[in-house]
Amino acid sequence: MKTMNEFVSMLDAQKSLLCIKKRQFDVWIENSMIVPGSNKETDLGLHYMDFEYRLSCMIERLPSASGGLLCLLVHQFVNNIEDRHDLESVSVDLSDNDGKTVDAEITFGVRDPFYLVPVENSPIEIDGVKMGFGDGGLDVAEVVTLNALG
C-alpha cells in the first residue's frame, strides 16, 4: 500500500516527461497476503507483519518513444525498494496500438512492512501493551482485500 502510493506519485510526477495524462494510467494490487514479520524492535517499532502483493499498472496510449524511458523509471523505482528478496521480478508488456502508441502493463512484487508502537487506545494488544501505528499512521489504498492465513 505504501509502495503503491509511492509508485502512483512517481508516475504522476513524471507524466509530462512520459507524455501521458493521469487518466491514462491505473495502478492496483493483486495477489495480496499477510505474512508474519520478524517481531524484532527497530527504530520504527515492532516489525509485526508484512503485506506482500503484486503491484500492477496499466498505461494506455503511451507514446512509443516513451517506452524506454518508462522502463528506466520503473527499474529505478524498484531498485530503490528495500527488502525485495524472494519477490516477483519486474515484468513490462508492451502492446502496439497504431505504430505511434503502446499499451504498457507493468507488474512487480512488493513487500510493505507494518511496524507497531505502544499507543493509548487500540484493539491490538501484545503482551499486555496496546499497540498501533502511532503518529505516522498507515498509508492505505482505495481497496484492499485481506486473505486470512491458513
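Residues numbered from 1 in each chain as written. Predicted model: local features only at pLDDT ≥ 70, side-chain atom pairs only at ≥ 80, totals over all residues. Heavy atoms only, no water.

Describing the overall build of the protein
- A tally of helices and strands in the protein yields two helices and seven strands.
- Starting at the N terminus and walking to the C terminus, you meet the elements of the protein as α-β-β-β-α-β-β-β-β.
- Across the 150 residues in the protein, those meeting the buried criterion constitute 36%. (Helix = DSSP H or I, 4+ residues; strand = E, 2+ residues; numbered from the N terminus. Buried < 20%, exposed > 50% of the residue type's maximum accessible area, 1.4 Å probe, protein only.)

A few points about the nonpolar core
- Counting 29 residues, the largest nonpolar core has Phe-7, Leu-11, Ile-59, Leu-70 and Phe-108 as the members making the most contacts within it.
- Elements that contribute at least two residues to this core include exactly helix 1 (2-18), strand 1 (25-36), strand 3 (45-63), helix 2 (67-79) and strand 5 (101-118).
- Take this core: its biggest share by element is seven residues, from strand 3.
- Phe-108 has contacts with Phe-7, Tyr-53, Arg-54, Leu-55, Phe-77, Val-78, Ile-81, Arg-84, Glu-88, Ser-89 and Val-90, leaving out every residue within four places of it along the chain. (Core = buried A, V, L, I, M, F, W, Y, C linked by side-chain atoms within 4.5 Å. Contact = heavy atoms within 4.5 Å.)

Things to note about the pairing of strand 7 (residues 129-132)
- For strand 5 and strand 7, the ladder comprises two bridges, and the chain directions are antiparallel. Within the sheet, the bridge partner assigned to Val-117 lies in strand 7 and is Gly-132.
- Both strand 6 (residues 124-126) and strand 7 contribute to a ladder of three bridges, which runs antiparallel. Each residue of the ladder has a partner; that of Ile-124, found in strand 7, is Met-131.
- The turn linking strand 6 back onto strand 7 is made up of two residues, and Asp-127 within it adopts a positive phi angle of 50°. (Pairing = 2+ DSSP bridges.)

Re the pattern of salt bridges
- Per the stated rule, a full pass over the model turns up eight salt bridges.
- A salt bridge links Asp-12 to Lys-22; the nearest nitrogen and oxygen atoms lie 3.8 Å apart. Note that Asp-12 is positioned in helix 1 and Lys-22 in the loop between helix 1 and strand 1, a separation of 10 residues in sequence.
- Relative accessible area serves as the criterion here: at 44%, Lys-22 is assigned to the partly exposed category.
- The salt bridge partner of Glu-30 is Arg-54, with a shortest N-O separation of 2.9 Å. Here Arg-54 lies in strand 3 and Glu-30 lies in strand 1, a separation of 24 residues in the sequence.
- Taking the relative accessible area as the measure of exposure, Glu-30 reaches 24% and is therefore partly exposed.
- Residue classification places Arg-54 among the partly exposed residues on the basis of a relative accessible area of 23%. (Salt bridge = Lys/Arg side-chain N within 4 Å of Asp/Glu carboxyl O.)

Section: the packing of aromatic side chains
- One pass over the full model with this rule turns up six aromatic pairs.
- Summarising the aromatic geometry, the rings of Phe-7 and Phe-108 are spaced 5.5 Å apart at their centres and angled 70° between planes, so their arrangement reads as edge-to-face. Placement of Phe-7 in helix 1 and of Phe-108 in strand 5 is noted, with a sequence separation of 101 residues between them. Taken individually, Phe-7 and Phe-108 each receive the classification buried, so the pair is uniform in this respect. (Phe/Tyr/Trp six-rings, centres within 6.5 Å; stacked < 30°, edge-to-face > 60°.)

Some points on the packing of helix 1 against helix 2
- Put simply, helix 1 and helix 2 touch, their axes get as near as 11 Å, and they point 150° apart. Taken together, helix 1 and helix 2 sit at an angle that is classed as roughly antiparallel. Every pair of crossing elements has a handedness; the one defined by helix 1 and helix 2 is right-handed. The residues of helix 2 that touch helix 1, namely those facing Thr-3, Glu-6, Phe-7, Met-10, Leu-11, Gln-14, Leu-17 and Leu-18, are Leu-69, Leu-70, Leu-73, Val-74 and Phe-77.
- Grouping the constituent residues of the contact of helix 1 with helix 2 by class yields 10 nonpolar, two polar and one charged. (Axes fitted to C-alpha atoms, helices over the stretch in contact; angles between N-to-C directions. Parallel < 35°, antiparallel > 145°, perpendicular 65-115°, else oblique. Left-handed = near helix turned anticlockwise from the far one by under 90°. Nonpolar A, V, L, I, M, F, W, Y, C, P; charged D, E, K, R; others polar.)

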